[in-house]
Amino acid sequence: MRISARADYAVRAALQLADARDTGPLKAEAIADAQDIPHKFLEGILNDMRRGGLVLSQRGGNGGYRLARSAEAISIADVIRVVDGPLVSVRGVRPPELSYTGPAESLLPLWIALRANVRQILDGVSLADVAAAELPGPVSALAEDPDSWTNP
């Protein structure tokens, strides 16, 4: 699984908005500067997030962007799905829509299990969790395993 630059930028922008929830809307330029994201690229991402119901935009001098719901109610998966689509696909197809034959038949349950694990982690972590640096126990345990940090 690869996390695209678009998804990474979207999550970082959402975290910046979560951090500023008590200070009012943030301008795209401020988010881009704070997170070192190309401004024009971020504008497109924020528009997708607005259309996806994750952020609200406000025009004017005091305008900008803010989260549409509380940071506790928005998962990392929500953000990724809005900007990139399904969390796991194979050749752009969702696993349940695939079929294999012969010795490759058991690939389908493998892709389904992979999708279930990705969902479990990304749906189970909210923007608030990451912003507070308080990941759920099972996620922290995975991240604390030294083998998780090595590249085979």
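Residues numbered from 1 in each chain as written. Predicted model: local features only at pLDDT ≥ 70, side-chain atom pairs only at ≥ 80, totals over all residues. Heavy atoms only, no water.

Engineer: Lay out helix α3 (residues 39-51) in plain terms, naming residues and giving numbers.
Structural biologist: Taking 1.5 Å of rise per residue, 13 residues should cover 18 Å, and α3 covers 18 Å from first to last C-alpha, within 8% of that figure. Among all positions of α3, only Leu42, Ile45, Leu46, Asp48 and Met49 are buried. Each buried residue of α3 sits inside an arc of 160° when the element is viewed along its axis, so together they form one side. Turned more than 90 degrees away from the buried face of α3 sit Lys40 and Arg51, all of them exposed. Close packing links the buried residues of α3 with α1 (5-19), α2 (28-35), β1 (55-58), β2 (64-67) and α4 (76-84). Of the residues trailing α3, Gly53 is marked for its positive phi of about 80°. (Helix = DSSP H or I, 4+ residues; strand = E, 2+ residues; numbered from the N terminus. Expected span 1.5 Å × (residues − 1). Buried < 20%, exposed > 50% of the residue type's maximum accessible area, 1.4 Å probe, protein only. Arc of directions from axis to C-beta. Contact = heavy atoms within 4.5 Å.)

Engineer: A description of the packing of α3 against α4 should follow, citing residues and the corresponding values.
Structural biologist: Between α3 and α4, the least distance of the axes is 9 Å, while the angle of their chain directions is 110°. In this view, α3 runs roughly perpendicular relative to α4, as classed from their interaxial angle. Between α3 and α4, the residues in contact are Ile45, Asp48 and Met49 and Val79, Val82 and Val83, respectively. Residue composition of the contact of α3 with α4, by class: five nonpolar, no polar and one charged. (Axes fitted to C-alpha atoms, helices over the stretch in contact; angles between N-to-C directions. Parallel < 35°, antiparallel > 145°, perpendicular 65-115°, else oblique. Nonpolar A, V, L, I, M, F, W, Y, C, P; charged D, E, K, R; others polar.)

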